[in-house]
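# A look at the structure
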Amino acid sequence: MFIDKIKSFLLTGTVAASLTIAPISAIADTQTITVGLSGDIDNFDPATNQLISFQAAFATTIFDSLVGYDSQLNIVPRLAKSYNISSDARIFKFDLVDGASFHDGSPVNANAVISSLKRSAELGGVFGGPLQSVEKFEAPTNNTVKLTLKSSYAPFLTALTNVAIIAPSSFENAVSAPVGSGPFLFESWTPNDSIILSRNDKYWGEKPAFSRLIFKPIPDPQVAMTNLYAGAIDIVAEPSTAVIAQVDTSKAQVIRPSGSNSIVYIEMMGTKGTLANVHLRRALAHGFDRETIKSVAYGGQGQSEASPLPTSSFVYTELGGYPYNLEKAREEFELSGAPEGIEIGLEVLAGFPEAEQMGRVWQASLSKIGIKLNVVVSELSVWLDRYVSRNYDMTWNFFGVSPDPHSFFDVILRPHLSGEYQNQKVIDLVKEGIETSDNMKRKQIYAELQEIMVKDLPVMAVQSRPIASIANKSINGLELNPLGWPLYAQSSKSN
Amino acid sequence: MSEIILDIKKISVIFNKMFFGRSQTIKAIDNVSLQIFNSETFGIVGESGSGKSTLGNAMIGLQTLSSGEIFYKEIALPLSGTKDWMRLRRQLQIIFQDPFTSLNPRRTIGQSLAEPIITHNLCSKNDVTSKVLSLLDQVGLNSNMAERYPNAFSGGQLQRICIARALAVQPQLIICDEITSALDVSTQAQIISLLKDLKLNQDLSLVFISHDLGLVRNIADRILVMYLGRIVEIGSSDIIFSDPKHPYTQALINAAPIPEPSREAARIKTPLFGEIPDPQNPPSGCFFRTRCNQVHDRCLIETPALKQVKKNQFVSCHHTEVH
Amino acid sequence: MRKLAPYFRFLVILWVVVTVVFVSLRLTPGDPALLLLGPTAGRQDTAERLADIRERYGLNRPIIIQYGIYLSDIVTADLGKSNRSERRVSELVKTAAPVTISLILLSMLLAIPISIYLGLTAAQKRERPYDRSVRTLATLAMATPSFWVGLLLVNFFSIRLGLLPPSGYIKLFVDPIGYFSHMMLPVVTLALYLIGTLTRFVYTETADTLEQDYIRVSRAMGISSKRILFQFVARNSLTPMIIIVGVEVGTLIGGAVIVEEVFGLPGLGRLLLNAVLGRDYPVVQGTVLSITVVVILLNILAEFVYKLLNPRSKI
Ligand SMILES: Nc1ncnc2c1ncn2[C@@H]1O[C@H](COP(=O)(O)OP(=O)(O)OP(=O)(O)O)[C@@H](O)[C@H]1O
Ligand SMILES: [Mg+2]
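Residues numbered from 1 in each chain as written. Chains lettered and ligands numbered in written order. Predicted model: local features only at pLDDT ≥ 70, side-chain atom pairs only at ≥ 80, totals over all residues. Heavy atoms only, no water.

## Brief notes about the site of ligand 1
All names here are of chain B. Around ligand 1 there are 15 residues in total, and S48, G49, K52, S53 and T54 lie nearest to it. Within the backbone of G49, an N or O atom sits 2.8 Å from an oxygen atom of ligand 1. Interatomic distance of 2.4 Å between a side-chain N/O atom of T54 and an oxygen atom of ligand 1. In isolation ligand 1 exposes 630 Å². Once the protein is present, 67% of that is buried. Contributions of two or more residues to the shell around ligand 1 are made by β1 (4-19), β2 (22-37) and α1 (52-59). The element contributing the most residues to the shell around ligand 1 is α1, with three residues. When grouped by side-chain class, the residues that make up the shell around ligand 1 number four nonpolar, seven polar and four charged. (Near = heavy atom within 4 Å. Polar contact = N/O pair within 3.5 Å; in protein donor to acceptor, adjacent residues only side chain to side chain. Areas by Shrake-Rupley, 256 points an atom, 1.4 Å probe, with all protein chains shown as cover. Helix = DSSP H or I, 4+ residues; strand = E, 2+ residues; numbered from the N terminus. Nonpolar A, V, L, I, M, F, W, Y, C, P; charged D, E, K, R; others polar.)

## Details of the pattern of salt bridges
Residues and elements named next belong to chain A. Tallying each qualifying case throughout the model produces 34 salt bridges over all chains. When the shortest N-O distance is used, the salt bridge between D410 and R414 registers 3.1 Å. A residue pair is termed a helical-turn pair when its members lie 3 or 4 positions apart in one helix, as D410 and R414 do in helix α13 (residues 406-417) at four residues. A salt bridge links K455 to D456, with the shortest nitrogen-to-oxygen separation between them at 3.7 Å. (Salt bridge = Lys/Arg side-chain N within 4 Å of Asp/Glu carboxyl O.)

## Quick word on the sheet that holds strand β8 (residues 205-209) of chain B
Sheet strands pair via backbone hydrogen bonds, and the direction of the pair is either parallel or antiparallel. Residues and elements named next belong to chain B. Reading across from one edge, β6-β7-β8-β3-β9-β10-β12-β11 is the order of the eight strands in this open sheet, with mixed pairing throughout. Because the sheet does not close on itself, it has two edges, and the strands there are β6 (92-95) and β11 (307-310). Neighbour-to-neighbour, the strand axes of this sheet turn through a mean angle of 20°, independent of strand direction. Of the pairings in the sheet, the one linking β11 to strand β12 (residues 313-315) comprises three bridges and is antiparallel in character. Within the sheet, the bridge partner assigned to K310 lies in β12 and is Q313. Across the sheet, helix α6 (residues 155-168) lies against β6 and β7 (173-177), angled at about 175° from β6, the strand it touches most. The strands touched by helix α10 (residues 247-255) within the sheet are β3 (41-46), β9 (222-227) and β10 (230-236), with β9 carrying the most contacts at an inclination of about 105°. (Pairing = 2+ DSSP bridges. Axes fitted to C-alpha atoms, helices over the stretch in contact; angles between N-to-C directions. Contact = heavy atoms within 4.5 Å.)

## What about the confidence of the model for chain A?
Here chain A averages 89 in pLDDT, while 94% of its residues score no lower than 70. Scored below 50 in pLDDT, residues 1-27 of chain A shows 50 contacts in the model against residues more than four places distant or in partner chains. (pLDDT = per-residue confidence, 0-100.)

## Re the nonpolar core
L34, I36, I44, L55, M59, V207 and L224 of chain B are the most contacted members of the largest nonpolar core, which has 112 residues in total. Broken down by element, this core gets its largest block of residues, 16 residues, from helix α10 (residues 225-263) of chain C. Excluding residues that lie within four positions of it along the chain, L34 of chain B makes contacts with L6, D7, I8, F42, L55, M59, L224, I231 and I234 of chain B. Ranked by size, the runner-up nonpolar core spans 110 residues in total, among them V126, V388, F398 and V459 of chain A. (Core = buried A, V, L, I, M, F, W, Y, C linked by side-chain atoms within 4.5 Å. Buried < 20%, exposed > 50% of the residue type's maximum accessible area, 1.4 Å probe, protein only.)

## A look at the interface of chain C and chain B
Each partner contributes residues to the interface: chain C has 20 residues there, and chain B has 26 residues. Notably, a salt bridge pairs R227 of chain C with E115 of chain B, separated by 2.8 Å at the nearest N-O pair. In this structure, the connection of chain C to chain B is made through six residue pairs in polar contact (both at pLDDT 80 or more). Listing elements by their share of the side of chain C that touches chain B, those giving two or more residues are α9 (213-220) and α10 of chain C. The dominant element in the side of chain C that touches chain B, judged by the number of residues it contributes, is α9 of chain C, at six residues. Taken together, the residues of the side of chain C that touches chain B break down into nine nonpolar, five polar and six charged.

Spelled out as structure tokens, the structure:
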């Protein structure tokens, strides 16, 4: 708390001072790239650690999956050199690359892949969950994996991009000693100090140009930037929106993805039932000044749209939504029958100052129509408690929507569908969406779903979150995908 | 009359204190002149705040003077820290009121007593211990006490140790600043008789500062009465007690109980009325006029000068001149 | 019986600390199992996993049973395993403790002589410009947030001059030079705060002692003012400092949390902070317990040394 307080004054003070200072030469060692993470990682099991920062750091370094993403989020082969999907999206066949082996030396063969997939299915969660729909795991040959689903599941391939394949020998100790088959192998973790990876010289694919990849947890963004300017780290992986806006581009480069699939939401239907009336939700939406919020909270970055899906999605539909209009907001407020001066809480996670700023702007607008918005900022554990139990009036949240639109409905909307947002039509459409493999048909289904989302507003989309990494100028070839994962393996470092 | 060892010439001490950002001035000693003679015991009396301690400190050079000079056997007292300072240290000593704070609590009695001996190279290193023991013996203390720390002693014992320490350098003059006021009556008497004994055996002058007129009368050859930093009356002990001239002296003596019951009964009790004026805003003219029962107009305007009234008696009072 | 009293007091303090930590952790909102699963814990199919996690870490048992198990574990010197990384708490503490302990010890080593010198000399030159500037600077050093001081130092020494690394830690036995160059700025940051507090303490103690009659007598006896200051006064006003230093250890651990954060040191402070944020009960409990034991032991040591140096309190 104490740190938070002085942080804002530091932002203006210390950074201003440091900007006038010339950077010293970065670490001379071009074989080591050091990355500042916003928090420590204490669980290295890819089947159970669902943190975005864990995935972003290790999904493409320690681990391999059957299929993965390129920098544009196109699905590309990885451990599966090719794949074959039945027209009803029920049978998925993968041919494994030749000569791939895990870091413990054991081969990446069909049996190993299947046992790793089965383990994920058993552990469930967001990543393993979709695998629970697999009816039969088969290995027709030593190098072929055939998965037969209980029913059609169109987003299955996308889901597999999140399932890391780990060595069967490491199942027991994956939390502390992960063994994957990726371009880097896990060497050590010193809590609160560093996570050290070294190049996998037996990697089946293109080997990285540098030999060591070190991650250092540096929670304070100011400290992270100071370390970057001093050359102690090369990359700040997850800078906050405020920090991105303050980078001195004469000293460091801001690396942005082609677009952002990270969408900020306001989830409006908690168990408290404060916003059960749709007119009240619409009143809030009309009182939400997108333009001002985008420029004040997000430095003018990102795309502010009504649809909960990213504009890059193949099913994205442009919708009118709720333009900022206090007259209309007042009308909706009256229709809702809610009492004048009603108090509504907005839960915000600490460490995201832009979310609080958004809340403040919204608060000012709503006060004009007699709604009192309380912005409640809590640390992760407290926020999470309320989030999971949905014990809130409404909450801020953000989510990296995968290229398949289902991920939004599966992760963000699902808890509401089984809770306060009763809508059989939506449930049916979501089901239809995953069972249809024809993209033209899916477009129609998801267009309808997006329309209903905007009309009913169980969840209101705010805008896409500007994501970036900040790197020293000596870093070359680093790209980010629209989920915000830096593709470390393809980068390099010069003097 | 014997040799003058300390000649005090028109000294003043002014304290400037910062109090809530405002400077306050107190004239603790106001133009005082007097002499101390060899082998005499010189008593200083006066109410609290009259400048007795300041004068005592000034006499041995511990107090910076605002004006005036003090000569020790015709040598001006040097400032603390200068070269000549050390030379005079052996001659002039002081003993304070509170024996409990006068000894370093973290040093044994032996160490404290050895300190001056070593500092002034008074004897060879091997003889320091025996010297310390003989000092203890001189003030009537057991030799096994040298090993102990001050916390093991009573106030009277500690004051004896302080006396022993002062004697260690065989000084010419010891200032005793209320050295008995922290002690009970019987211990007081012991200390006084110890001082008397010691004086008989040595060529030593004492300045004995006290509130207690009875004690001063008992020990002092001459007496100085002070009021708000000024001399009120000064003279031989016998004369001052038998025939005090200044109204303040008279009041003090009348206020003091006499140990003899018959005379105590006959004593005219003219109590001293009123409070001591604020030393920062002393009255005009005679400082005592606000409490005097014989005020004249003149007392309000003119500061009375010190006048000789008898062979061994000097008084500063306009009233005495009127006679 | 009287001889045993200090040990009994020690145990009671430990028990109180342990219990307060246990209770306050459970009263703080935030479910460790939810945190382990992350924001997706709300999905229906994860309910089972939540139950698994609770079962695995004993979080589903009644609080009083958890408390009993916890106490009995402590008695058998078992601090348990991290809920998050599954590492042994004793291991985590063992790797983190040397960092914090050396940070604090080095800061003391740097701060104590400087504070003594400044405090003594300032008290001697009372109300002169030197004294006033020392006291103003001491107050400033105490009041300036370590976080800010740390960043300023990094900006100057690491970014502008490029002399010292801005963060990180290297073990002393691995590379002594690396160790000291990495510890330099953190130690200075923490020491600065300590210098502030200790200088003020030495100053008041010394000013007090200088007023004492025995010091005036010593001066009257012709003992040089240097000897008086650095022998008598120093000894007398510094002995209480041992106690203060003992007490300050607690504050210093608080300061270490911030310093470790700024300089990326893997010490106890960060271990504790992250464990609290992650609701990693065993790590919080184990770390606080270890810190408490160390602080109590240091205070007992300070008291012992104080008694040794201060014969007055012997009786
Ligand atoms: N260091 C000092 N700074 C400022 N004022 C002082 C200082 N020492 C003494 N004074 C003031 O000078 C005046 C004389 O004080 P002094 O101690 O000499 O009186 P005293 O006769 O010894 O009193 P007591 O009987 O209480 O010991 C008092 O008003 C006192 O407040
Ligand atoms: Mg006095």
